[in-house]
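Descriptive structure summary
Residue-level listing of the chains:
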Amino acid sequence: MRFGTRVDIAAPAAHVWAVYRDVQRWPEWTASVTSITVLDDGPLRIGTRARIRQPRLPTTVWTITEFDDGRSWTWVAGGPGARTVATHTVEPLGDGARAALSLEMTGPLGVLVAKLTAGLTDRYLALEAEGVKARSEGSR
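Looking at an unreviewed UniProt entry, one finds the chain named Polyketide cyclase/dehydrase/lipid transport protein and attributed to Actinokineospora cianjurensis.

Take a look at the structure:
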């Protein structure tokens, strides 16, 4: 089951990317995340793991599987019967940027969880989109 949203931001794409990739600061600008702890040293890259705590959801470790610096990253979490893939993209849009967020849950347990948490997932994606927009536009 797939979810997604996007938001246009009145800030340069490079600035939006800088806000977005600073994942440990997400709890400052989105209520959908309680804490993020990066488990590996250095900048984000393929293989970087992060422990994410979110309200009403179990703490989960995500691993970056794709990384295009300045543009996008994808990270994956899951276990037996469930896999969640989340992608974050920033692209130039005139003088500003567009941020796109997608999340896909697969596997028998993943599809069940997706159906049970669809409203919460949509709300959290909206909060993240609104938050990155507000932080990017307000911190230039």
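1. Topic: the environment of Arg6
Mapped onto the secondary structure, Arg6 falls in strand E1 (residues 2-9). Note on Arg6: relative accessible area 57%, which makes it exposed. In this structure, the C-alpha to C-alpha distance between Arg6 and Ala129, residues 123 residues apart in sequence, is 6.7 Å. Ignoring any residue separated from it by four or fewer positions in sequence, one finds Arg6 in contact with Arg98, Ala99 and Ala100.

2. Considerations on the sheet that holds strand E5 (residues 72-79)
Spatially, the seven strands line up as an open sheet ordered E1-E7-E6-E5-E4-E3-E2, and their pairing is antiparallel. Each having just a single partner strand, E1 and strand E2 (35-38) make up the two edges of the open sheet. Each strand of the sheet is rotated relative to its neighbour by a mean of 20 degrees, with strand direction disregarded. Relative to E5, strand E4 (residues 60-68) is paired through five bridges, and the arrangement is antiparallel. Considered in E5, the bridge of Phe67 is made with Trp73. Contacts from helix H1 (residues 13-21) reach E1, E4, E5, strand E6 (82-93) and strand E7 (96-106) within the one sheet, and its direction differs from that of E6 by about 155 degrees. Most of the contacts of helix H3 (residues 108-116) go to E7, to which it runs at about 120 degrees, and overall it touches E1, E6 and E7.

Reading guide: rules and limits
Residues numbered from 1 in each chain as written. Predicted model: local features only at pLDDT ≥ 70, side-chain atom pairs only at ≥ 80, totals over all residues. Heavy atoms only, no water. Helix = DSSP H or I, 4+ residues; strand = E, 2+ residues; numbered from the N terminus. Buried < 20%, exposed > 50% of the residue type's maximum accessible area, 1.4 Å probe, protein only. Contact = heavy atoms within 4.5 Å. Pairing = 2+ DSSP bridges. Axes fitted to C-alpha atoms, helices over the stretch in contact; angles between N-to-C directions.

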